[in-house]
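Below, each chain spelled out in residue letters.
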Amino acid sequence: MALALDPGEAHTQFVDWAESNGVDINGIAPAKFLDRGMGIVAAKDLKKGERLVHVRNTSLITVALPAVRVLKFPDNATVHGKLAAFLALKLQAKDSEYKLWQDVWPTEQDFRDILPIHWPKKLQELLPNAATTTLTNQQSNLTRDWHDLHPSLPSIPKPLFTYTWLIVNTRTFYWAYPDLPASHPRLPKKRGQLTSDDCYAMCPFMDYFNHSDVGCDPQADATGYSVTADRAYKAGEEVFVSYGAHTNDFLLVEYGFVLQENASDAVLLDHLIVPVLSKEQTAVLKEDGFYGSYTLSASTTTTASTLPICHRTQAALRLVTLPSRRYAAFVSGSDEGATDQARVNAYLVELLVKYARQIGDILEEVEGLKVEGEGDEEAGVQTRSKKARRSLSLSLAQSGEDGEAGVKAQHKDVLLKRWKQIRGIVNRGVEALGG
């Protein structure tokens, strides 16, 4: 059990604010965990099924909120961007009604310490392929939102918008506006047209919860958002929620951490398989809906029906290694492919063994990275209070100073951990496939 520490006065004040602003809290409290930041701890013994927190729908920040709508952000801007713009304006305001909540958010420096979007390029280039794809999409989305919104935000510098954009990215929950009728004018789109990208909500207090692949499942209805205990907890235990089934590459880029144990973990194999496809094979796979997203799971099972490769991977490898009629029989479902499985497995093992050698080279390169030294000036910043560091970060944002930082120890450590996890998945995959 991780040691839970007193989070400090700012968090105590925020809890009081939350409870007076539509948040019901039962038997849990924010706590600071050594080397892991903030989280939620059981303040008493809890029973399975006990409701731990309920955030009233009127306490959420969404684009349906009148205070957001009145700002008349461009119609083409995303929900993500509009919420980031709203929060940036609130951070600038001296009389923000959300100030006590804002005071307990991660600081800009916190994000610089953990999120790959702020890593130096030489480190970003060493990310795994799947993480690189996620990071590229993240950077593109941020650029698009800034382009669409900055004409409406003359007083907001880009670093401040980036900070609030990351607040939204790391701290929102899925909210499909169940409190609004199907054709309500405050909906961002007609209900039938809503996608997951339209359904963002900032939930005070609930954003304290850390993620585990097994945890409480947040639930929303017309009254608001709730978290119910998924099992019994002893006082002092950390209480987690599940953010969903995500690989560690996704968690690293989006949230800045990887799980030690993650049942949803997998390695993307597109960079191994796509290059060996001919133009004709690529066209066939696209037409059949089997192009890309080839994965090797973290599973260690070895039965033919539960090999650690997805059906899409099976299909692509059959097109590469077998006569086209054998591929067609497999994708049509008329042949389960058992006869050809050994040949398919052997081909993939050859690809994975080559990849394992590449991983060894990458690990050696990461190990050799020089970590930025702790200078007197940096040490002085680290000893300041969190509030002072927030002030420093925002003043830097206001002045537009944003030089590229060096490699930090935590960057190197998490990158080494992730590549070692990938090496383990690949090696287990080779063994499971008969290599």
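Keep in mind that this is a model prediction, so the values were computed, not measured.

Caption draft 1: Quick peek at helix α14 (residues 341–367). For α14, with 27 residues, the first-to-last C-alpha span of 38 Å sits near the 39 Å given by 1.5 Å per residue. Buried within α14 are the following residues: Gln-341, Val-344, Asn-345, Leu-348, Val-349, Leu-351, Leu-352, Tyr-355, Ile-359, Ile-362, Leu-363 and Val-366. Contacts made by the buried residues of α14 are with α7 (129–149), β12 (266–268), α10 (270–273), β13 (295–297), α12 (311–321) and α17 (409–432).

Caption draft 2: Inspection of the sheet that holds strand β5 (residues 51–56) at higher detail. Taken in spatial order, the four strands line up as β2-β5-β10-β9 in an open sheet, and their pairing is antiparallel. A strand with exactly one partner marks an edge of an open sheet, and here the two such strands are β2 (23–25) and β9 (219–221). Averaged over neighbouring strand pairs, the angle between their axes works out to 15° when direction is ignored. Bridge count for β9 against strand β10 (residues 224–228) is three bridges, and the pairing is antiparallel. Residue pairing for β10: Ala-220 is matched across the bridge by Tyr-225.

Caption draft 3: Just the pattern of salt bridges, in detail. Taken as a whole and assessed by the stated rule, the structure comprises 14 salt bridges. A salt bridge links Asp-207 to Arg-171, with the nearest nitrogen and oxygen atoms 3.5 Å apart. In this pair, Asp-207 is assigned in the loop between β7 (200–202) and β8 (210–216) and Arg-171 in helix α8 (residues 158–171), connecting sequence segments 36 residues apart. Neither residue differs from the other here; Asp-207 and Arg-171 are each classed as buried. The network of salt bridges with common partners includes Asp-249, Asp-265 and Arg-418.

Caption draft 4: Structural view of the sheet that holds strand β3 (residues 28–33). The sheet built from three strands is open, its strands ordered β1-β3-β4 with antiparallel pairing. Of all the strands in the sheet, the pair left with one neighbour each is β1 (4–5) and β4 (37–42). As defined by bridge partners, β3 adjoins β4 across six bridges and the pair is classed as antiparallel. Residue pairing across strands places Ile-28 opposite Ala-42, the latter belonging to β4.

Caption draft 5: Structural context of unusual backbone geometry. Positive phi values are uncommon outside glycine, yet Phe-205 reaches one of about 80°. Note on placement: Phe-205 falls in the loop between β7 and β8. Residue classification places Phe-205 among the buried positions, given a relative accessible area of 0%. The phi dihedral of Ser-293 falls on the positive side, at around 60°, and the residue is not glycine. Residue Ser-293 is classed as partly exposed on the basis of its relative accessible area, which comes to 45%.

Caption draft 6: Fine view of the packing of aromatic side chains. Under the counting rule described, the total for this entry stands at 14 aromatic pairs. Consider the rings of Phe-14 and Trp-17, whose centres lie 5.8 Å apart with planes at 25°: the pair is stacked. Of this pair, Phe-14 and Trp-17 are both found in helix α1 (residues 9–19), three residues apart, which corresponds to roughly one turn of the helix. The pair Phe-14 / Trp-17 is uniform in exposure class, with both members buried. Where Trp-17 meets Tyr-98, the ring centres are 6.4 Å apart and the plane angle is 70°; that geometry is what we call edge-to-face. Remark: Tyr-98 occurs in the loop between α3 (79–92) and α4 (99–102) and Trp-17 occurs in helix α1; sequence separation between them is 81 residues. Relative accessible area serves as the criterion here: at 14%, Trp-17 is assigned to the buried category. The rings of Phe-14, Trp-17, Phe-86, Tyr-98, Trp-101, Trp-105, Phe-205 and Tyr-208 are connected pair by pair, giving a single aromatic cluster. The ring centre of Tyr-233 lies 4.0 Å from the NZ or CZ of Arg-231, which sits over that ring. Over the face of the ring belonging to Phe-330 we find Arg-318, whose NZ or CZ atom lies 4.2 Å from the ring centre.

Caption draft 7: Local environment of a nonpolar patch on the surface. A contiguous nonpolar patch, built from Leu-3, Leu-5 and Leu-34 and spanning about 280 Å² of accessible area, is present on the exposed surface. Mapping Leu-3 onto the fold places it in the segment before β1. Taking the relative accessible area as the measure of exposure, Leu-3 reaches 53% and is therefore exposed.

Caption draft 8: Structural view of the side chain of His-80. Tracing the chain through its elements places His-80 in helix α3. Residue classification places His-80 among the buried residues on the basis of a relative accessible area of 6%. Of the polar contacts made by the side chain of His-80, one reaches the backbone oxygen of Trp-165; its length is 3.0 Å.

Reading the values: the criteria
Residues numbered from 1 in each chain as written. Predicted model: local features only at pLDDT ≥ 70, side-chain atom pairs only at ≥ 80, totals over all residues. Heavy atoms only, no water. Helix = DSSP H or I, 4+ residues; strand = E, 2+ residues; numbered from the N terminus. Expected span 1.5 Å × (residues − 1). Buried < 20%, exposed > 50% of the residue type's maximum accessible area, 1.4 Å probe, protein only. Contact = heavy atoms within 4.5 Å. Pairing = 2+ DSSP bridges. Axes fitted to C-alpha atoms, helices over the stretch in contact; angles between N-to-C directions. Salt bridge = Lys/Arg side-chain N within 4 Å of Asp/Glu carboxyl O. Phe/Tyr/Trp six-rings, centres within 6.5 Å; stacked < 30°, edge-to-face > 60°. Lys NZ or Arg CZ within 6 Å of the ring centre and 35° of its normal. Patch = residues over 30% accessible without salt bridge, like charges linked within 9 Å, V, L, I, M, F, W, Y side chains within 5 Å. Areas by Shrake-Rupley, 256 points an atom, 1.4 Å probe, with all protein chains shown as cover. Polar contact = N/O pair within 3.5 Å; in protein donor to acceptor, adjacent residues only side chain to side chain.

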